[in-house]
Amino acid sequence: MSASSDPSLLDEIRSAIRKICGDFPGQYWRQLDQERAYPTAFVEALTASGWLGALIPEEYGGAGLNIQAATVILEEIHATGCNAAACHAQMYTMGTVLRHGSDEQKQKYLPAIADGSLRLQAFGVTEPTSGTDTLALKTTAKPTDKGWVINGQKIWTSRAEHSDLMLLLARTTPRDQVAKRTDGLSVFLLEMKDLVGHGITIRPIRTMLNHATTEVFFDNVEIPADALVGEEGQGFSYILSGMNAERILIAAECIGDAKWFLDKATQYANDRSIFGGPIGQNQGVQFPLAKAYAHMLGAELMVAKAAKLYDEGAAHGIEANTAKMLAADASWEAGEACLQTHGGFGFAEEYDVERKFRETRLYQVAPISTNLILSFLAEKGLGLPRSYGK
Ligand SMILES: Cc1cc2nc3c(=O)[nH]c(=O)nc-3n(C[C@H](O)[C@H](O)[C@H](O)COP(=O)(O)OP(=O)(O)OC[C@H]3O[C@@H](n4cnc5c(N)ncnc54)[C@H](O)[C@@H]3O)c2cc1C
C-alpha cells in the first residue's frame, strides 16, 4: 500500500475537504447557478489548501498523492453538495505534461500549476464536426519558421475563460498521409493570456447546468516551437493515456453525487410525514432508494479497483471505463429516486435536488458517453467486433 492510500490519510483528507466545503453551502451554489457564474471563491479555497495539486509530484511542488487519494478528494467534494467541475481539470490535465513533457516544460509549468499561480483547466479536444470521433478532428497546427500556426475550432472547451493554459489536440499531418490511423495528431500547451483577442476567440455556451463551457476559435494563432508536448504526431496516445485517469476521477464525483442524493432523500423520507407516518416507511419509497444505494455501493467498489490498478501501473482500461459507467448510472439513479422522494419539493430550487439532478445528468454524456463505453467494453472486454472508428 502506498502512503497515499493509507486509510488514516484518506480519513484525514475526507475531513479536511468536508471542512472547506462547509463554507460553501447550497445557497452559494444556487446563487451561482442562477447567474451561471464561476465559483471563484470555492476554487480559490481548494487551490489555497493545495488539493488541486494533489497529483503533482513533490519535486514539482505538489502533494505527490496518488489517484486513490484524488478519488477521495473529488468524491467528498460532491458528497457535501459542492461541485468540482469548475476546477477538477487542474488536478489531472497536467498529467500529459508530467508524462510526456520535456524537463523544461515540467520545471516551468508544474510548480506554478501546483501552487495555483497558473491554471491549466482548459482541455481542447472535442470539435463540432467530429464529436467523439477524435481522429476526425480538423483543427490544424502547421510548422512555421518560429513555431506553429493553429487554425480551427473546438467546442465544449470548459473553463477556457478561467484558465491560463490550454492543452490542445491538433492535426499536424493530414489524415490521408499517416502511416498509422492514430498518428498525425499532436498535443500543444498554449499560454492563452496573450492569444485571446489575438487569434483566439472564446464564446461561452449557456447550458442546462452551470459549467463555464465554451467554444473556442483559432484564427492563424502563432505559438512557439516549444509549445509542442512530447513527439509530434503522437498526441492521440498521450491524450488517451490521460483519459483513464479522468474517467476514474469523474466516477468518484458520481459516487459523491449518489451519496449526496441518498443522504438528502433519506432525511426527507424520515422527516416528511403524511397519512399518519413518515413516507420512508412505505416500500414504494424505500425500495428505489435501497436499489440506488446497492448500485452505488457496487460502483464504489469498481472505482476503488480501477484507482488501485491505475496506481499500481497495472492494466486498468476495462475497470476505468466500467467504473465511469456504473458510477454515472448510480448517481443518475440516486438522483431520480431522490427527486421522486421529494415529490413536488424536489422541483423547488431551494432544496438543491433539481440542481444536482441537472448536474449529474452530464456524466451520461461527458467526458465520454455511455454508448462509447459499452462499445469499448464489447470490443476489449468481450472480444466482439469493433463497432466504431474503423
Ligand atoms: C458540459 C460539457 C462539458 C464538456 N467539457 C469538455 C472539455 O472540457 N473538453 C473537451 O474536449 N470536451 C468536452 N466536452 C465534450 C464531451 O466530451 C462530448 O460532448 C462527449 O464526448 C460526446 O461527444 P459529442 O457531444 O460530440 O457527441 P457525439 O460524439 O456526436 O455523439 C452523440 C450521441 O451519439 C452516440 N454515439 C456516437 N457514436 C456512436 C457509436 N459509434 N455507437 C453508439 N453510439 C454512438 C453517443 O453516445 C451520443 O449519445 C464537454 C461536453 C459537455 C456537454
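What you see is a predicted model, and the numbers here were worked out from it, not measured in a lab.

Enquirer: Please give an account of helix H3 (residues 40-48) that cites residues and values.
Expert: For H3, every residue scored as buried is listed here: Phe42, Val43 and Leu46. All buried residues of H3 fall inside an arc of 95° around its axis, so they share one side. In H3, those exposed residues whose orientation departs by more than 90 degrees from the buried face are Thr40, Ala41, Glu44 and Ala48. Packing partners of the buried residues in H3 comprise helix H1 (7-21). Phi turns positive one or two residues past the end of H3, at Gly50, with a value near 90°.

Enquirer: Give me the lowdown on the pairing of strand E5 (residues 185-191), citing residues and values where you can.
Expert: For E5, the buried fraction is high: 6 of the 7 residues fall into the buried class. Bridge count for strand E4 (residues 165-171) against E5 is 7 bridges, and the pairing is antiparallel. When the sheet's bridge partners are listed, Leu168 is paired in E5 with Phe188. Sheet analysis places E5 next to strand E8 (residues 228-229), joined by 2 bridges and oriented antiparallel. Across the sheet, the residue bridging to Phe188 is Leu228, located in E8.

Enquirer: So what about the site of the ligand? Which residues, and what values?
Expert: In the region of the ligand, 23 residues are neighbours, and Gly131, Thr132, Trp156, Ser369 and Asn371 sit closest. Taken together, the elements giving at least two residues each to the shell around the ligand come down to strand E1 (120-124) and helix H12 (370-381). Looking at which element gives the most residues to the shell around the ligand, the answer is H12, with 3 residues. Of the residues belonging to the shell around the ligand, the class tally is 10 nonpolar, 13 polar and no charged.

Enquirer: Go over the packing of helix H9 (residues 283-312) against helix H10 (residues 317-341), please, and point to the residues and values.
Expert: One can describe the packing of H9 onto H10 by two numbers: an axis separation of 8 Å at closest approach and a directional angle of 155°. Considering their axes alone, H9 and H10 lie roughly antiparallel with respect to each other. Crossing hand, H9 versus H10: left-handed. Classifying every residue of the contact of H9 with H10 gives 18 nonpolar, 5 polar and 4 charged.

Enquirer: Before we move on, could you go through the packing of helix H8 (residues 235-271) against H10 and cite the residues and values that matter?
Expert: Remark: H8 packs on H10, axes separated minimally by 8 Å, with the N-to-C direction vectors making an angle of 20°. With respect to their mutual orientation, H8 and H10 come out roughly parallel. Between H8 and H10 lies a crossing of left-handed hand.

Enquirer: Lay out the environment of Glu104 in plain terms, naming residues and giving numbers.
Expert: Position of Glu104 among the secondary structure elements: in helix H7 (residues 103-115). Taking the C-alpha atoms as reference points, Glu104 and Asp226, 122 residues apart in sequence, are found 9.2 Å from one another.

Enquirer: Requested: an account of the domain arrangement of the chain, with residues and values cited.
Expert: Put simply, an interface is often sized by how much accessible area is lost when its parts join up. The domain architecture assigned to the chain consists of domain 1 (3-115), domain 2 (120-235) and domain 3 (237-381). Taking only C-alpha atoms, the centre of domain 2 and the centre of domain 3 are 31 Å apart. Contacts between the two partners involve 11 residues from domain 2, matched on the other side by 8 residues from domain 3. Across the side of domain 2 that touches domain 3, the residue classes tally to 6 nonpolar, 5 polar and no charged.

Rules of the game
Residues numbered from 1 in each chain as written. Predicted model: local features only at pLDDT ≥ 70, side-chain atom pairs only at ≥ 80, totals over all residues. Buried ≥ 20, exposed ≤ 12 C-beta atoms within 10 Å, placed from the backbone. Helix = DSSP H or I, 4+ residues; strand = E, 2+ residues; numbered from the N terminus. Arc of directions from axis to C-beta. Contact = placed C-beta atoms within 7 Å. Pairing = 2+ DSSP bridges. Near = placed C-beta within 6 Å. Nonpolar A, V, L, I, M, F, W, Y, C, P; charged D, E, K, R; others polar. Axes fitted to C-alpha atoms, helices over the stretch in contact; angles between N-to-C directions. Parallel < 35°, antiparallel > 145°, perpendicular 65-115°, else oblique. Left-handed = near helix turned anticlockwise from the far one by under 90°. Domains from an automatic or database assignment.

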